[in-house]
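What follows is the residue order along each chain.
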Amino acid sequence: MADTGIENLLHENRLFPPSASFAAAAVATQADYDEADADYVAYWTRQAKERLTWFKEPTETLDESNAPFYTWFADGELNVSYNCLDRHLATGGDKVAYHWVGEPGDTRTITYQQLSDEVNRFANGLRSLGVGKGDQVAIYMGMVPELPIAMLACARIGAPHSVVFGGFSADAIVDRVDDAQAKLLITCDGAWRRGTVVPLKDNCDDAMARAASLEHCVVVKRTDHGVDMKEGRDIWWHDLVEGQSTDAEPEVMNAEDLLYLLYTSGTTAKPKGIMHTTAGYLTGVATTHAQVFDLKPESDVYWCAADVGWVTGHSYIVYGPLTNHTTSVMYEGTPDFPDKDRLWSIIAEYGVTILYTAPTAIRAFMKWGSQYPERHDLSSLRLLGTVGEPINPEAWMWYHTYIGAERCPIVDTWWQTETGGIMISPLPGVTATKPGSATKAIPGISADVVDGGGNSVPLGNGGFLTITKPWPAMLRSIFGDDQRYIDTYWSEYPGVYFPGDGAKIDEDGYLWVLGRVDDVMNVSGHRISTMEIESALVSHPAVAEAAVIGATDDLSGQAIAAFVTLRGGFDESDELLVELKGHVAEKIGAIARPKTIIFTPDLPKTRSGKIMRRLLRDISDKRALGDVTTLANADVVEAITEQAASYADDD
Ligand code: WTA
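Residues numbered from 1 in each chain as written. Predicted model: local features only at pLDDT ≥ 70, side-chain atom pairs only at ≥ 80, totals over all residues. Heavy atoms only, no water.

1. So, the site of the ligand
Item 1. Surrounding the ligand, one finds 16 residues, the nearest of these being Asp412, Thr413, Thr417, Asp501 and Arg516.
Item 2. In this structure, aspartate 501 approaches the ligand through a side-chain N or O atom, which is 2.9 Å from an oxygen atom.
Item 3. Computed on the free molecule, the ligand has an accessible area of 530 Å², of which 90% lies beneath the protein chains in the complex.
Item 4. For the shell around the ligand, the secondary structure elements donating two or more residues are helix H11 (311–323) and strand S24 (511–516).
Item 5. Taken together, the residues that form the shell around the ligand break down as 6 nonpolar, 5 polar and 5 charged. (Near = heavy atom within 4 Å. Polar contact = N/O pair within 3.5 Å; in protein donor to acceptor, adjacent residues only side chain to side chain. Areas by Shrake-Rupley, 256 points an atom, 1.4 Å probe, with all protein chains shown as cover. Helix = DSSP H or I, 4+ residues; strand = E, 2+ residues; numbered from the N terminus. Nonpolar A, V, L, I, M, F, W, Y, C, P; charged D, E, K, R; others polar.)

2. Topic: the nonpolar core
Item 1. Membership of the largest hydrophobic core comes to 135 residues, with the highest contact counts inside it found for Leu115, Phe122, Ile186 and Tyr319.
Item 2. Apart from the residues lying within four places of it in its own chain, the contact partners of tyrosine 319 are Val80, Cys84, Met151, Leu152, Ala155, His161, Leu259, Tyr260, Tyr281, Leu282, Val285 and His314.
Item 3. In terms of nonpolar packing, the next biggest core, distinct from the first, is built from 55 residues, Val352, Phe365, Trp368 and Leu378 among them. (Core = buried A, V, L, I, M, F, W, Y, C linked by side-chain atoms within 4.5 Å. Buried < 20%, exposed > 50% of the residue type's maximum accessible area, 1.4 Å probe, protein only. Contact = heavy atoms within 4.5 Å.)

3. So, the pattern of salt bridges
Item 1. The final tally for this structure, using the stated rule, is 41 salt bridges.
Item 2. Between glutamate 146 and arginine 108 there is a salt bridge, with the nearest N and O atoms lying 3.3 Å from each other. Highlighted residues: glutamate 146 in helix H6 (residues 146–157) and arginine 108 in strand S5 (residues 107–111), separated in sequence by 38 residues.
Item 3. Owing to a relative accessible area of 33%, arginine 108 belongs among the partly exposed residues under this scheme. (Salt bridge = Lys/Arg side-chain N within 4 Å of Asp/Glu carboxyl O.)

4. Points about the environment of phenylalanine 365
Item 1. Tracing the sequence through the fold places phenylalanine 365 in helix H13 (residues 359–368).
Item 2. Sequence-wise, phenylalanine 365 and aspartate 336 are 29 residues apart; in three dimensions their C-alpha atoms are separated by 9.4 Å.

5. Side note on the domain arrangement of the protein
Item 1. Entries for the protein in the domain assignment read domain 1 (26–334 + 413–503) and domain 2 (524–650).
Item 2. Relative placement of domain 1 and domain 2: their C-alpha centres are 34 Å apart.
Item 3. Each side of the interface is counted separately: domain 1 has 6 residues, and domain 2 has 5 residues.
Item 4. Along the contact surface separating domain 1 from domain 2 lie 0 salt bridges.
Item 5. One can count 1 residue pair in polar contact (both at pLDDT 80 or more) joining domain 1 with domain 2. (Domains from an automatic or database assignment.)

Written out as structure tokens, the structure is:
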């Protein structure tokens, strides 16, 4: 058994069913599962026809003839920006699309009519620069309203966009621009981050000098700190839209035309340009946004606190919410500026009803302490969501208790850049949740946990997550590299999609995502997920966050090493070290007892907040560290390296 699957170590018995009143008013019900189970293609086709406005309704549905290059609704015609804007204007143009909050404290309220006007003017501006259908546009901006405006304007004229996260370097821009041969770059002079300016335009100057396909750079004035504008090449956004009409004909797009590329940043290999097309993607994000967040567009104030530079922002700040005529909050800055209660003050101010954030943020809130949310009235909240990593059960409980007041359902949503939208999640009015479990595949999605041979594991066992049927919002390929698409996602288990995550399925059929398979350890022949040991550590009252790795060990192959960050008010000590080891052994068994525990002020994270266990393995095994500049907190590496050296003899 040990070499075919992953051990199932941690058991969770707490169960949180939806309240009767929440269930009675819920958008999604058991009937959605039943309908999708009966005929998933018919189910998705109904969603596509009912949720979207088509210029030409499709007669085709799923085409599997060239698998894994699946298509959906391929003879349909539509425009994404038309679906996000125009069709709402006749009756709902005055409705707020975004309550935007700038980091320094300035705000903008943008209605659907205003958003539409700005998108049309910018679309005309883009056309005046000779950008049209099929031209690729790179976007490198902070979290300002012009970012969704730029994306929607691209969608309007049929120019696929490629958003590069504003925290990346010039090199990242160049790699992505070269791969897609983008001809235009859209940026800001700078972005606000904790009161200082991130010099976006300077990075673009560096990139423009190297990326030969780029012709122009359009620049939003945001920080006004003074930048070089190169005559003939660089254009201010405000000059480009000056005098442009608020009418721009939307391009008629085919359902399978490319909407955007989004690169998943490999730390070593070349980034993959994930391709999302028009109709299937929009169907997926509109459906999941409505169902999973129980969206009541007439009354909800919805806030996805991600960055638009990630897929979460694409799908659940821009395309899903706007298609569904939602009122959203969009915030420019970090959650700890000017103080650690910024999110909670914004929720109270705007009466936010739905909050969607990441486990890494929740663990930070937990570390800072409950006094920050307690300063504010959070009673408007009625639903909470998480995405991005497995959530440790105790972080889930903290979110439930201090943010949700034990009243709000939590939707733990598993999905990927590649899947386009949410795949595994509770439906908040239907599913009884368990802290730490993403529960079950949503209606229309089929997931399974299999062993190394591709056979379904019995309930109660661990293995590898697979998606067994195609779905509308799926990636269509990797830009320019169909073979890599086949090799990465469709070759491990022929005929099914392999996301690269470990998972277990419990006795009730609930799915527990255990993290990336690369992070699984092999301890004395047992495959153990780092996630379960981390969750055991986080269940100790002193621990805010933990990262576990398999360190090379002559005796057991890999020895369990844990890096632990303490909650505010707790101090490092040898006693605590011993106690934590015992705590893990007690929670999940002696096999999981860490050999080494190292206290550290922070853990190395990617810019999207995922813990970088690979880097910890390198530190632990004293390998040369690769490029650490892609980390969100590169300075922590030195601190951890020093700590690790001083703990080297610990046992
Ligand atoms: C992880 C983010 C457990 C997972 C939308 C996946 C999760 C990767 C969850 C994709 C979750 C995301 N529970 N793990 N709820 N959500 N992941 O492409 O390993 O940035 O494969 O997309 O994040 O990350 P990506």
